[in-house]
Amino acid sequence: MRSAERHVNLVKAITTIKQGLNHSAEHGAWFCAHQALFNQVLAFYFEVIQAHERVLELSSKEALTALEKLTHATERNPQPVMPLSAIGEDIPAMFRRAAIHAALGSARSFYAHLKKWRERKEKAEVKGKKFTERPPVPPRTWNKSATLYAGMWKGRTKSSLVIKVWTGRCWSWLKCYLTGRELPEGAKLGSPSLVRHGDRWWLHTPLAKRTASPPKIAQQVTTNPGTRICAVDLNLDGPIAVCTVQTAEGTILSTRFIGGGRAISGFRKKQLGRIARHRQQTGIIAEAEQDNTAPWRKLRSRDESFAHLVSRRIADFAHEQGAAILVFEHLANLKPTKGKYSKRGNEKRAYWMKGRIFRYAKYKAWHWGILTSRVSPRNTSRECTRCGNLVARYAEGGPAEGYTPGAPLVLCSECGMRGNADRNASLKIGQRLIERYQEKPPTLLITEREEKSSGVIVCQEVKSKEQPSIAPARHADDNGHGTAQGRTRMDGCVLSAFPPPLR
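Peer 1: Provide a residue-level description of the overall build of the protein chain, including the pertinent values.
Peer 2: On a plain count of helices and strands, the protein chain comes out with 11 helices and 16 strands. The proportion of buried residues among the 503 residues of the protein chain is 42%. If you take every contact in the protein chain between residues at least 6 apart in sequence, the share linking residues at least 24 apart comes to 68%. Approximately 29,400 Å² of the protein chain is accessible, and the part contributed by carbon and sulfur atoms is 51%.

See below:
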């Protein structure tokens with residue numbers, strides 16, 4: 001009984017170690033043939049699942065058994081319904097099962113998206129609205145990395161590994177030498193994968209780490225006033241992220257500015273402008289073909305690398321400060337403003353990067369046992385963290401009045417709070433998480449309200465005239481909130497430089 005309880009209280013965090021493979025050109029061709037066969041078998045099993053959709057209702061273990069009965073010939077099952085032998089003979093069992101699990105994952109993802117699309121279509125038809133969204137389609141091509149289950153590799157050391165590969169003619173054992181990070185001692189290794197990056201091949205090995213399950217967010221916030229919360233405000237340029245650590249009782253402990261937003265925005269705009277000029281020169285874009293392949297690849301690679309760098313710095317800062325909770329804004333419906341192609345494309349990819357930073361920081365923080373949450377972005381940059389009143393947002397040297405989106409400074413006329421706008425928004429994000437779990441006062445009954453009222457009824461219109469309200473702004477209107485100008489020191493917090501090239 002105790003062992004079962006321990007098992008329930010343990011959680012698993014997975015990280016991936018990437019190691020390069022030293023190989024010749026001939027061995028590289030073997031890896032290509034191995035991956036091609038893997039994707040061919042995967043596509044075959046995806047078609048089998050499409051022909052027998054009821055398989056998806058089973059568990060992964062039961063689905064594996066069912067698919068093998070449908071495709072693999074044995075003494076008890078000499079004539080399967082859809083034989084795998086049509087693709088190749090003597091395919092190793094572990095190779096086949098890795099392809100089956102990959103096909104099951106892709107099929108479950110596809111049918112989940114298809115189900116949601118049908119639900120959206122039904123809702124639109126019930127309301128009598130026109131529904132023009134295209135349905136999801138199955139993958140037309142496959143380019144999955146081949147997973148090496150136990151039996152497809154052996155003899156692993158710190159610097160070498162022996163793997164079983166398909167050479168294009170036969171199955172052969174090949175000894176590969178590894179470069180890069182060494183595997184930590186005592187780590188529980190998962191099934192490695194052969195991954196291709198350009199002309200080089202890499203071995204990605206997942207490592208499982210089991211730790212004690214952290215308490216739920218509500219329990220940590222309500223029972224322990226000393227619980228540390230790291231709140232993150234993501235911007236479009238300037239400081240790409242502003243992180244503040246505060247306790248559940250409201251004590252502010254530390255702040256860190258993560259720069260580099262202006263540099264990545266400038267690079268992105270330059271690449272998009274170059275792509276737009278190339279398209280003007282060609283005049284026409286071939287259908288179903290990718291134009292400007294090299295600039296697009298360079299742009300995607302830089303965005304991906306930068307998102308990993310920023311998310312790593314966020315997770316490391318939360319861990320250094322002993323934070324137990326990491327909180328972001330829920331930014332899901334941001335759309336670029338109208339303008340030139342490079343401007344719209346730059347904003348759109350900046351919004352995508354915010355989502356990437358959140359996803360990457362979530363699993364990196366989980367490795368340290370830090371939980372991640374999101375809160376509403378409504379008015380986080382407009383409200384004062386001290387008194388909750390609306391603030392004036394202005395540029396340095398300008399009048400401290402009104403609200404200028406993207407200005408670096410804020411001033412509260414009620415309590416006199418003055419400081420950095422991004423830091424204020426970050427603190428507000430953390431406060432919003434704390435307020436979510438605070439006990440709300442019970443709603444008064446109608447009779448109680450009448451007794452406590454003075455008997456004077458104030459019209460809603462008159463009330464609104466006395467206290468004009470400011471229309472709630474989205475978190476990233478225009479240039480996005482918190483696009484601080486310049487790199488300054490505010491409240492003793494130093495704006496950090498562009499993150500170093502380390503993940």
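Peer 1: Break down the sheet that holds strand S11 (residues 252-258) for me, with residues and values.
Peer 2: Taken together, 5 strands build an open sheet; the order of strands is S11-S10-S9-S12-S13 and the sheet is mixed. Both outer strands of the open sheet, S11 and strand S13 (371-375), are each paired with one neighbouring strand and no more. On average, each strand axis in the sheet is tilted by 20° relative to the strand beside it, whichever way the strands run. Looking at chain direction, strand S9 (residues 228-234) and strand S12 (residues 325-329) are connected through 3 bridges and run parallel. Considered in S12, the bridge of Ile229 is made with Ile325. Set on the sheet, helix H7 (residues 293-320) makes contact with S9, strand S10 (241-247), S11 and S12; between it and S11 the angle comes to about 165°.

Peer 1: How would you explain the pairing of S12 if you had to name every residue and give the values?
Peer 2: Where burial is concerned, most of S12 is hidden: 5 out of the 5 residues are buried. Pairing geometry for S12 and S13, over 5 bridges, is parallel. By the bridge assignment, Glu329 is partnered in S13 with Val375.

Peer 1: Which residues make up helix H4 (residues 93-127), and what are the values?
Peer 2: Helix length check: H4 (35 residues) gives 51 Å between terminal C-alpha atoms against 51 Å at 1.5 Å per residue, within 8%. Gly128 sits one or two positions beyond H4 and adopts a positive phi of about 75°.

Peer 1: Please give an account of H7 that cites residues and values.
Peer 2: The end-to-end C-alpha distance of H7 is 41 Å, a good match for the 40 Å that 28 residues give at a rise of 1.5 Å each. Where H7 ends, the next residue or the one after it, Gly322, has phi of about 75°, a positive value.

Peer 1: How would you explain the sheet that holds strand S16 (residues 418-420) if you had to name every residue and give the values?
Peer 2: Read across the open sheet, the 3 strands follow the order S14-S15-S16; overall the sheet is antiparallel. If you trace the sheet from one side to the other, it starts and ends with strand S14 (392-394) and S16, each paired once. Strand after strand, the sheet turns through a mean of 25° between neighbouring axes, direction not considered. Alignment of S14 against strand S15 (residues 409-411), held across 3 bridges, turns out to be antiparallel. Each bridged residue has a counterpart across the sheet, and for Tyr394 the counterpart in S15 is Leu409.

Peer 1: Could you give an account of the nonpolar core, with specific residues and numbers?
Peer 2: As a rule of thumb, soluble globular proteins bury nonpolar side chains together. In this structure, Phe31 and Leu67 are the most contacted members of the largest nonpolar core, which totals 47 residues. Mapped by element, the contributors of at least two residues to this core are helix H2 (25-51), helix H3 (60-71), H4, strand S4 (160-166), strand S5 (171-180) and strand S8 (200-212). With 12 residues, the top contributor of residues to this core is H2. Excluding its chain neighbours within four sequence positions, the residues that come into contact with Leu67 are Tyr45, Val48, Ile49, Val55, Ile100 and Leu104.

Peer 1: Summarise the packing of H2 against H3; cite the residues concerned and give the values.
Peer 2: For the pair H2 and H3, the least separation of the axes is 11 Å and the interaxial angle reads 100°. In terms of their interaxial angle, H2 and H3 are classed as roughly perpendicular. Side by side, H2 and H3 meet where Phe44, Tyr45, Val48 and Ile49 of the first sit next to Leu67, Leu70 and Thr71 of the second. Partitioning the contact of H2 with H3 into residue classes produces 6 nonpolar, 1 polar and no charged.

Conventions and cut-offs
- Residues numbered from 1 in each chain as written.
- Predicted model: local features only at pLDDT ≥ 70, side-chain atom pairs only at ≥ 80, totals over all residues.
- Heavy atoms only, no water.
- Helix = DSSP H or I, 4+ residues; strand = E, 2+ residues; numbered from the N terminus.
- Buried < 20%, exposed > 50% of the residue type's maximum accessible area, 1.4 Å probe, protein only.
- Contact = heavy atoms within 4.5 Å.
- Areas by Shrake-Rupley, 256 points an atom, 1.4 Å probe, with all protein chains shown as cover.
- Pairing = 2+ DSSP bridges.
- Axes fitted to C-alpha atoms, helices over the stretch in contact; angles between N-to-C directions.
- Expected span 1.5 Å × (residues − 1).
- Core = buried A, V, L, I, M, F, W, Y, C linked by side-chain atoms within 4.5 Å.
- Parallel < 35°, antiparallel > 145°, perpendicular 65-115°, else oblique.
- Nonpolar A, V, L, I, M, F, W, Y, C, P; charged D, E, K, R; others polar.

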